[in-house]
Amino acid sequence: KLNGKHALVTGSTKGIGFAIAERLLREGATVTVNGRSEGSVAEAVEKLRGEVAGADVHGVAADLSAERGALDLAAAAEHVAMVDVLVNNAGAYAPKSFEKITDEDWAGIFDLNVMSGVRMTRALLPRMKHAGWGRVVFISSESGVCTPEEMIHYGVTKSAQLALSRGLAKELGGSGITVNSVLPGPTWTEGVAAFVEQVAAEKGLSVDEMKTRFFEEQRPGSLIARFATPEEVADLVAFAVSPLASATTGATLRCEGGIIDS
Ligand code: NAD
């Protein structure tokens, strides 16, 4: 249970971040959600209030692809209450072949997927250290271990998150603050569903046929042979930030369906 704790989940107006926010609210935490626009944040807050009775949920719009956004979000969240739990989830991916990925693409994806987590963590650590308790989680990806083709820049940022998380865990050893990575594989978010539905329509296939093809052709090694749900990813985050995980730090908690053979 996380009663009395305040959790900040970046990029939580939809998808995996939204499921994490909902799960942490159900655990009794006060939760601050974040997204880029005021409208999407207000909508997410409203939805969470409807879904979780008595939810103590706050919303802050901030664009985390720039330092200003991260600093503003950290300040607004700490205004609600000290942040005990930080989930660095905001991230984006854009398929492109290597030669088409420009310097701007590299810098942009690095700013959002890596530097947002660096900046948020740096801003929120002092109070966690002072309290002698804290939980930091990075939402990485299977792509951080198995770099994907046609999206190498994304894979590189997801590997960087793993290195960052392990290094931070070492530096914070003995402080009462744990730092872990959660590593999802293909997850059935609204965005992924919309993409699969569009490709299925183009190919004249049903969504179920498309899903079967995807796992047969592109993920033959998947032991679950299906997309994970955002809730399954959120369950692992709930464990990582709970008092149950007090001896778990510097870890990579996988929920990628057994794709990675290691
Ligand atoms: P999504 O696109 O469904 O949601 C992304 C969230 O981040 C949204 O709330 C959006 O508002 C927010 N966001 C995007 N850009 C932002 C910005 N500049 N500033 C602030 N917020 C911003 O994404 P998702 O699929 O739920 O992915 C969430 C995380 O999980 C990402 O880090 C992603 O790399 C990782 N992941 C996703 C999958 C998958 O299959 N969906 C698999 C592995 C890892």
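Attention in this report is confined to the structure presented alongside it. Quantities reported herein were computed from a predicted structural model and do not represent experimental measurements.

### Here's the deal with the site of the ligand
Around the ligand, a shell composed of 28 residues is seen, among which T13, I16, D63, N89 and Y154 lie nearest. In the model, an oxygen atom of the ligand is placed 2.7 Å from a nitrogen or oxygen of the T13 side chain. Separating an oxygen atom of the ligand from a backbone N or O atom of I16 is a distance of 2.8 Å. Protein contact buries 92% of the 830 Å² of open area that the ligand shows by itself. Of all the elements in the fold, those that place two or more residues in the shell around the ligand are α1 (15-26), β2 (30-35) and α5 (152-171).

### Describing the pattern of salt bridges
Taken as a whole, this structure holds ten salt bridges when the rule is applied. Here R127 ties to E78 by a salt bridge, and the two come within 3.9 Å at their closest N and O atoms. Highlighted residues: R127 in helix α4 (residues 103-131) and E78 in helix α3 (residues 67-80), separated in sequence by 49 residues. With a closest N to O distance of 3.0 Å, E142 and R219 form a salt bridge. Highlighted residues: E142 in the loop between β5 (134-139) and α5 and R219 in the loop between α7 (207-218) and α8 (230-241), separated in sequence by 77 residues.

### Side note on unusual backbone geometry
Residue E150 is not a glycine yet carries a positive backbone phi of 65°. Summarising the element assignment, E150 is placed in the loop between β5 and α5.

### A closer look at α8
A rise of 1.5 Å per residue sets the reference length of α8, with its twelve residues, at 16 Å; its end C-alpha atoms lie 17 Å apart and thus fit the reference within 8%. Residues P230, V233, A234, V237, A238, A240 and V241 constitute the buried set of α8. End-on view of α8: buried residues confined to an arc of 160°, all on one side of the axis. For α8, the elements touching its buried residues are α1, β4 (85-88), β5, β6 (177-184) and β7 (252-255).

Reading the values: rules and limits
Residues numbered from 1 in each chain as written. Predicted model: local features only at pLDDT ≥ 70, side-chain atom pairs only at ≥ 80, totals over all residues. Heavy atoms only, no water. Near = heavy atom within 4 Å. Polar contact = N/O pair within 3.5 Å; in protein donor to acceptor, adjacent residues only side chain to side chain. Areas by Shrake-Rupley, 256 points an atom, 1.4 Å probe, with all protein chains shown as cover. Helix = DSSP H or I, 4+ residues; strand = E, 2+ residues; numbered from the N terminus. Salt bridge = Lys/Arg side-chain N within 4 Å of Asp/Glu carboxyl O. Expected span 1.5 Å × (residues − 1). Buried < 20%, exposed > 50% of the residue type's maximum accessible area, 1.4 Å probe, protein only. Arc of directions from axis to C-beta. Contact = heavy atoms within 4.5 Å.

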